[in-house]
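Summary of structural features
Chain residues, written in single-letter form:
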Amino acid sequence: MNLLVSILCGFLYFLGTSRIGYGLSTATGSPLFYGLILGLVYGKLTEGLIIGATIQLIYIGIINTGGNMPADQSLAGIIAIPIALQTDLSTELAVGLAVPFGVLGVFLDQIRRISNSYWISQAEKHAENLNQRGIFNCAITYPTILLFFITFIPVFIITLVGADTVTFIMDAMPQGIIDGFSVAGGILPALGFAIILLIIGKRELMPYFFIGFFAVAYLGINTMAAAVFGTCVAAIVLFNSINQKKELS
Amino acid sequence: MTSKPADPIKEAEKRALSNKDLFKTFARWYSVVEVSNSYERLQALSFCFALSGSLRKLYKGDDEGYREALKRHIQFYNSEGTFGSMIHGVTLSMEEEKAKGNEITEEVVTGFKTGLMGPIAGIGDTLIWGTLKPIILALACSLALNGVFVGGLIPFLFPLAIVLIGFGMLKSGYLLGKESVMKLMQTGLINNIITSASILGLFMMGALSSTYIKISTPIQFSVMDSDPIVLQDILDQILAGILPLCAVFSIYFYFKYKGQNYNKLIIMLIVISLVTGFFGILSSS
């Protein structure tokens, strides 16, 4: 692959996983954003957006509870999107390529968090010496420099040599395996939704999940319509509970 | 607290930290929340760094007090970053009292932080990460799938919302102080808001599950020469979306009863997908 594109990919992955700015990485590291940028780079904006959105949907519900990352949407996107655009892979094949990297990315994050234990022990010494600058460096500068090497290098290398290898492997891959990966792409969104259910799914509120589910399954409403109806239902419940409290007191 | 603050906004003029100081604290926090996240103490270093500037101002000329404060806030801390900013605000207001020489022990400050970080994480995870984030991403995806390029930029609404809400939380935490925040947490209002947010979140999770989990079965039976019986048609007649629903709840119950080992589960899911896809038991559609 083009050297410049690989450098860009390495940098985009670094940016997307740097976590500088709370929640900013959710945008800068999203396969959607990667799809937009790489689509522009390759002059295939529509394809880029569609592949990016399809990969994004796999990870739409993923949240990092207690800092633990279940899957890395950024690595999945930054490897699969440029290679798919370069070699004209179908969206299903791009998903098949993205999924394994989504798993690998978790290990890169674990390296980062293990190495961060060192900086906090350093920062304690700076706190003792009232060195605000030192704390700043331990909180942001050093972890970020280290992260650059952890993230940039693997992505740079994989995207640089990956396209040829991937074309070779994908050509040799039997249709059955490709079907298998596209099934994985269809099931994996369930992972994120299940995690959110674990967090907010109180038993007495579960009927609302089923209302939303079957509103789409039977009535075929789209996402925006669901958001509108969902907000109205939530508002009704909120106002009722406030009124009830007023009557009680 | 000095006196009963009748009007916290007016009171603000007498406070040690200005709006600018508070914004700087928030900007520091916002920038580094997860950067130095470690297994040992999670967000502790970010918390300490965020407060370091304002603490210096509060403990002006009191190096010993400043040192103690820094060390106090480099201890274990983990909450949700947006709503958690309220804890920073309250902590600063307590440190302000302490710096003035009022009787506030270290245990009170630390106890407040550790006591509140759990419940606040519950609110933040539900509202910000469990509800707002998937809704924004889902809207962005549906635009991008139609080739609309704005879809690729819509995810940036998410960090924007975090900045607006988070700074508001930090500021109100500082101005209201510990007593008011505790009182607010004890009224039912917060609970009502969490419940309504959960309802919206669950409703959306249901809708998104139904829209974006795409599995069906291509299995067909042919009996003699008659038309083949398509299994998926039968399933649809029993209950629309039965397979996606099974997928969500299988994972849900796996996590609930077998612990949250994500790596293991993802690898299991991929193996199951490969096998069922290879043998034509499931397909994505």
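1. Overview of the interface of chain B and chain A
Across the boundary between the two partners, chain B contributes 109 residues, which contact 106 residues of chain A. In terms of surface lost to chain A, no three residues of chain B exceed B:Tyr39, B:Leu202 and B:Phe203, which account for 8% of the buried area on that side. Taken together, the connections running from chain B to chain A amount to 1 salt bridge. Of the charged contacts in the structure, one is a salt bridge between A:Glu128 and B:Lys71, with a shortest N-O distance of 3.0 Å. Here chain B and chain A share 12 residue pairs in polar contact (both at pLDDT 80 or more) between them. Contributing elements (two or more residues each) for the side of chain B that touches chain A: α2 (19–32), α3 (44–58), α4 (63–72), α6 (106–145), α7 (157–186), α8 (188–212), α10 (242–258) and α11 (262–278) of chain B. Residue contributions to the side of chain B that touches chain A peak at 21 residues, all from α8(B). Classifying every residue of the side of chain B that touches chain A by side-chain character gives 63 nonpolar, 33 polar and 13 charged.

2. So, the domain arrangement of chain A
Each assigned domain of chain A is listed with its residue range as follows: domain 1 (3–200) and domain 2 (202–249). A C-alpha centroid distance of 34 Å is found between domain 1 of chain A and domain 2 of chain A.

3. Re the environment of B:Gly65
Here B:Gly65 lies in helix α4. Between the C-alpha atom of B:Gly65 and that of B:Leu55, which follows or precedes it by 10 residues, the distance is 9.3 Å.

How each quantity is defined
- Residues numbered from 1 in each chain as written.
- Chains lettered and ligands numbered in written order.
- Predicted model: local features only at pLDDT ≥ 70, side-chain atom pairs only at ≥ 80, totals over all residues.
- Heavy atoms only, no water.
- Contact = heavy atoms within 4.5 Å.
- Buried area = accessible area lost by both parts, 1.4 Å probe.
- Salt bridge = Lys/Arg side-chain N within 4 Å of Asp/Glu carboxyl O.
- Polar contact = N/O pair within 3.5 Å; in protein donor to acceptor, adjacent residues only side chain to side chain.
- Helix = DSSP H or I, 4+ residues; strand = E, 2+ residues; numbered from the N terminus.
- Nonpolar A, V, L, I, M, F, W, Y, C, P; charged D, E, K, R; others polar.
- Domains from an automatic or database assignment.

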